[in-house]
Amino acid sequence: CCEEVGKYGVYDNDPSNANVYGKLYNWYVVDDERLICPEGWHVPSDLEYQELEIYLGMDPDEANNTGWRGTDEGGKMKESGYEHWLYPNIGATNESGFTVLPGGYRYYTDGFSDNLGSYGYFWSSMELGSTNAWARYLYYNNSEVYRNAVIKQFGFSIRCVAE
């Protein structure tokens, strides 16, 4: 189906979206020798995302589940208010300082973009088999965190964290 090389795009190919929400990367950028993160930083693993979710209050027994998990941990990670998020941006307090923005995604076959303002999608550095990798979704209408294994060619946001 698709090449296994690191690529990025911009939501709707509109540079002003990159200025606000950043670029949308396929998962192969995470594993690319050109290194997406600066020295001393890295893309968090699925386990590091789970550690953050547990720190924010998620039941440890629930952290390894897929789908919507937790109670208000997603809200603690989302930028508060409605400057970038659609109303009602449920539970958004950003008390974690993670400041997730709803950058949407790019579809891997045709570059179609969707969900700007309503979803923030983020890659982890952890693969699940040869075609999928773990990701997180945060939604304007939910304060939980969605965990799912996704086809690596999708264009999602990437967050770098200090080592």
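Throughout what follows, the structure given in this document is the object of discussion. Owing to the predicted nature of the structure, the values given are computational and were not obtained by experimental measurement.

1. Quick notes on the pairing of strand S9 (residues 145-151)
Point 1. Note that strand S4 (residues 67-69) and S9 share 3 bridges and pair antiparallel. Counterpart to Trp68 in the pairing with S9 is Tyr146.
Point 2. Bridge analysis of strand S8 (residues 132-139) against S9 gives 6 bridges, and the strand direction is antiparallel. Across the sheet, the residue bridging to Trp134 is Ala149, located in S9.
Point 3. The loop that links S8 with its antiparallel partner S9 comprises 5 residues.

2. Side note on the side chain of Ser143
Point 1. When you line up the elements, Ser143 lands in the loop between S8 and S9.
Point 2. With relative accessibility at 13%, the residue Ser143 sits in the buried group.
Point 3. Those residues within four positions of Ser143 in sequence are excluded, and the remaining contacts are Thr71, Asp72, Glu73, Gly74, Gly75, Ile90 and Gly91.

3. Concerning the sheet that holds S9
Point 1. Read from one edge of the open sheet, 4 strands run S4-S9-S8-S7, paired in antiparallel fashion. Of all the strands in the sheet, the pair left with one neighbour each is S4 and strand S7 (119-128). The sheet shows a mean angle of 30° between the axes of neighbouring strands, direction not considered.
Point 2. The strands that helix H2 (residues 46-55) touches are S4, S7, S8 and S9; relative to S7, the one it contacts most, it runs at about 130°.

4. Structural notes on the environment of Lys23
Point 1. With respect to the element layout, Lys23 can be found in the loop between helix H1 (15-21) and strand S2 (24-25).
Point 2. Distance in space between the C-alpha atoms of Lys23 and Tyr105 is 9.5 Å, their sequence separation being 82 residues.
Point 3. Not counting residues up to four positions away in its chain, the partners in contact with Lys23 are Tyr8, Gly9, Val10, Phe156 and Ser157.

Rules used in this analysis
Residues numbered from 1 in each chain as written. Predicted model: local features only at pLDDT ≥ 70, side-chain atom pairs only at ≥ 80, totals over all residues. Heavy atoms only, no water. Pairing = 2+ DSSP bridges. Helix = DSSP H or I, 4+ residues; strand = E, 2+ residues; numbered from the N terminus. Buried < 20%, exposed > 50% of the residue type's maximum accessible area, 1.4 Å probe, protein only. Contact = heavy atoms within 4.5 Å. Axes fitted to C-alpha atoms, helices over the stretch in contact; angles between N-to-C directions.

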